[in-house]
Amino acid sequence: QVQLVESGGGLVQAGGSLRLSCAASGGTFSNYAMGWFRQAPGKEREFVAAITWSGGITYYADSVKGRFTISRDNARNTGYLQMNSLKPEDTAVYYCAADLQTRVVGGKTSSDPEYWGQGTQVTVSS
């Protein structure tokens, strides 16, 4: 059983930056691919970024490509999402997720990742 806890959300002006962290416990973090998803009010949850268990391959939604960077430190059991050039439309609750299959955290299937964090709010003001 893997527990995920996000942190780093907050209020930032458009054009600013935030770095989200996802701390994992209770399992072998390096066994799992990791992803970030977000859900804005009144909208469906959407895929943001994913990274393989080794960190060697990353995937991004077109809406964040070039602005967001996903990374992980398996020695620290922590994943990250560096968000630059933030826009008001990035406002959402951001969730980290983990699964043995990269395609699941990559939003490539209809299956939900096995493990989820509780979410952290990101608000970008214009």
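See above for the structure.
Our subject in this report is the structure included herewith. (Residues numbered from 1 in each chain as written. Predicted model: local features only at pLDDT ≥ 70, side-chain atom pairs only at ≥ 80, totals over all residues. Heavy atoms only, no water.)

1. A closer look at the overall build of the chain
- Scanning the chain from N- to C-terminus turns up 1 helix and 11 strands.
- Shown N-terminal to C-terminal, the secondary structure of the chain runs as helices and strands in the order β-β-β-β-β-β-β-β-β-α-β-β.
- Scaling as 2.2 N^0.38, a compact globule of 126 residues should have a C-alpha radius of gyration of about 14 Å, and the chain matches this with 13 Å.
- The dimensions of the chain, computed from C-alpha atoms along their principal axes, are 40 × 30 × 25 Å. (Helix = DSSP H or I, 4+ residues; strand = E, 2+ residues; numbered from the N terminus. Rg over C-alpha atoms; globule rule 2.2 N^0.38 Å.)

2. Quick look at the packing of aromatic side chains
- Using the criterion set out here, one finds 4 aromatic pairs in the structure.
- Ring geometry for Tyr 32 and Tyr 115: centres 5.7 Å apart, planes at 80°, overall edge-to-face. Of the two residues, Tyr 32 sits in the loop between strand 3 (18–25) and strand 4 (33–39) while Tyr 115 sits in strand 10 (residues 115–116), which places them 83 residues apart along the sequence.
- On the accessibility criterion, Tyr 32 (12% relative accessible area) is buried.
- By relative accessible area, which is 8% here, Tyr 115 ends up buried.
- Between the aromatic rings of Phe 37 and Phe 47, the centroid separation amounts to 5.9 Å while the plane-to-plane angle is 75°, which identifies the pairing as edge-to-face. Taken together, the residues span a long stretch of sequence, with Phe 37 in strand 4 and Phe 47 in strand 5 (residues 46–51) at a distance of 10 residues.
- Given a relative accessible area of 17%, Phe 47 falls into the buried group.
- Taken together, the ring pairs in this structure connect Phe 37, Phe 47, Tyr 95 and Trp 116 into an aromatic cluster.
- The lysine or arginine in question, Arg 45, covers the ring of Phe 37, its NZ or CZ lying 5.8 Å from the ring centre.
- Lying across the ring of Phe 29, Arg 72 places its NZ or CZ 4.3 Å from the centre. (Phe/Tyr/Trp six-rings, centres within 6.5 Å; stacked < 30°, edge-to-face > 60°. Buried < 20%, exposed > 50% of the residue type's maximum accessible area, 1.4 Å probe, protein only. Lys NZ or Arg CZ within 6 Å of the ring centre and 35° of its normal.)

3. Remarks on the sheet that holds strand 7 (residues 68–73)
- Overall, antiparallel pairing links the 4 strands, which are arranged 1-3-8-7 in an open sheet. The sheet is open, and its two edges are formed by strand 1 (3–7) and strand 7, each paired on a single side. The mean angle between the axes of side-by-side strands here comes to 15°, regardless of whether they run parallel or antiparallel.
- Sheet analysis places strand 3 next to strand 8 (residues 78–83), joined by 6 bridges and oriented antiparallel. The residue of strand 8 that forms the bridge with Ser 21 is Tyr 80. (Pairing = 2+ DSSP bridges. Axes fitted to C-alpha atoms, helices over the stretch in contact; angles between N-to-C directions.)

4. Considerations on the nonpolar core
- Counting 36 residues, the largest nonpolar core has Trp 36, Leu 81, Met 83 and Tyr 94 as its most contacted members.
- For this core, the secondary-structure elements that each account for two or more residues are strand 3, strand 4, strand 5, strand 7, strand 8, strand 9 (92–99) and strand 11 (120–125).
- Ignoring any residue separated from it by four or fewer positions in sequence, one finds Tyr 94 in contact with Glu 6, Leu 20, Trp 36, Phe 37, Arg 38, Val 48, Phe 68, Leu 81, Met 83, Gly 119, Thr 120 and Val 122. (Core = buried A, V, L, I, M, F, W, Y, C linked by side-chain atoms within 4.5 Å. Contact = heavy atoms within 4.5 Å.)

5. Regarding the environment of Ala 92
- Residue placement: Ala 92 occurs in strand 9.
- Note: C-alpha distance between Ala 92 and Phe 37 (55 residues apart in sequence) is 9.5 Å.
- Excluding residues that lie within four positions of it along the chain, Ala 92 makes contacts with Arg 38, Gln 39, Ala 40, Thr 120, Gln 121 and Val 122.

Interpretation in functional terms is not warranted from these geometric data alone.
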